[in-house]
Structures are given as C-alpha cells and as structure tokens.
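Topology and contacts: notes
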Amino acid sequence: QVQVVEAGGGLVQAGGALRLSCTVSGLTFGDYAMAWFRQSPGNDREGVSCITGSGGRTYFSESVQGRFNVSRDNAKNTLYLQMNDLKPEDTAMYYCAAWRYDYCSGSWWTTYGYNYWGQGTQVTVSS
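Details of unusual backbone geometry
- The phi dihedral of Asn77 falls on the positive side, at around 50°, and the residue is not glycine.
- Note on placement: Asn77 falls in the loop between strand E7 (68-73) and strand E8 (78-83).
- Taking the relative accessible area as the measure of exposure, Asn77 reaches 23% and is therefore partly exposed.
- The residue Asp85 is not glycine, and still its phi comes out positive at about 50°.
- Structurally, Asp85 can be placed in the loop between E8 and strand E9 (92-99).
- On the basis of relative accessibility, which here comes to 43%, the residue Asp85 falls in the partly exposed class.

Details of the pattern of salt bridges
- Tallied over the entire structure, the rule returns three salt bridges.
- Arg38 is the partner of Asp90 in a salt bridge, and the nearest nitrogen-oxygen pair spans 2.9 Å. Highlighted residues: Asp90 in the loop between E8 and E9 and Arg38 in strand E4 (residues 33-39), separated in sequence by 52 residues. When sorted by exposure, Asp90 lands in the same class as Arg38, which is buried.
- With a shortest N-O distance of 2.8 Å, Arg67 and Asp90 are connected by a salt bridge. Residue Arg67 is found in the loop between strand E6 (58-60) and E7, and its partner Asp90 is found in the loop between E8 and E9; the two are separated by 23 residues along the sequence.
- Overall, the relative accessible area of 10% leaves Arg67 in the buried class.
- Linked through salt bridges whose partners overlap, the residues forming this network are Arg38, Glu46, Arg67 and Asp90.

So, how was this worked out
- Residues numbered from 1 in each chain as written.
- Predicted model: local features only at pLDDT ≥ 70, side-chain atom pairs only at ≥ 80, totals over all residues.
- Heavy atoms only, no water.
- Helix = DSSP H or I, 4+ residues; strand = E, 2+ residues; numbered from the N terminus.
- Buried < 20%, exposed > 50% of the residue type's maximum accessible area, 1.4 Å probe, protein only.
- Salt bridge = Lys/Arg side-chain N within 4 Å of Asp/Glu carboxyl O.

Without other data, these values stay purely geometric and don't point to any function.
What follows is the structure, encoded as structure tokens:
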C-alpha cells in the first residue's frame, strides 16, 4: 500500500517563507522522481518543481524560479519544498506526486503519467 502525505502548509504574510514536506511509504523512494504541483480554485493543476530520484537534478517553473528550492532525503523517504519570498499569487493547494522512473520527464510540469499523489496541503499568502 503506497501512502503519500504532505505537510507544512499554512498562512503566511507576503515575503515570508514556508517549508513543505511529503513523506512516502510503500515504494522504493529513491527509484522515483518526485514533483510538486499546485492548484487554485478554478485553475488547472500546474507543475512547480521536479527532482530526480537521486536528487542530482532539479527543475522549476518560471513563476517560482529563484524563490523556491526542492530537495529530498531518501533515507527518510521525504521530499521537501522550501518556499521563500512568498507572494499572494502562490496561494494554492500544493500536492506532491511520484513518477515511476528516476528521472524527471520532459513534460514533468503536466499531471499526466504520475503514479501516486498526495492529498495536498494548503498554502495561503496574505498581502
């Protein structure tokens, strides 16, 4: 049984920071590339970041490049998203997803093909 659980969301003022985590069980974590997505009401789910199974390569959407960092601790089966200089437009439900291969797909920012998803954690940034 695979379980994917996000945590760390909350309410923060613009310019602040949050650190999200995603713990995964029931699979060989290091064999899976992992990605963060976010979705606001009425909008499509959009890719935020992707990290390879080893953590050696990372990718970010243009909207968060330079502000967010992604990392993973394979010994703890945990994925992280460090969110800095938060803006009101970052407000969304944030999800983590697992991809059966250890590399980030050429279309990692799309939801298609991800094998497992978490339940999401809400991030709200006030102005």
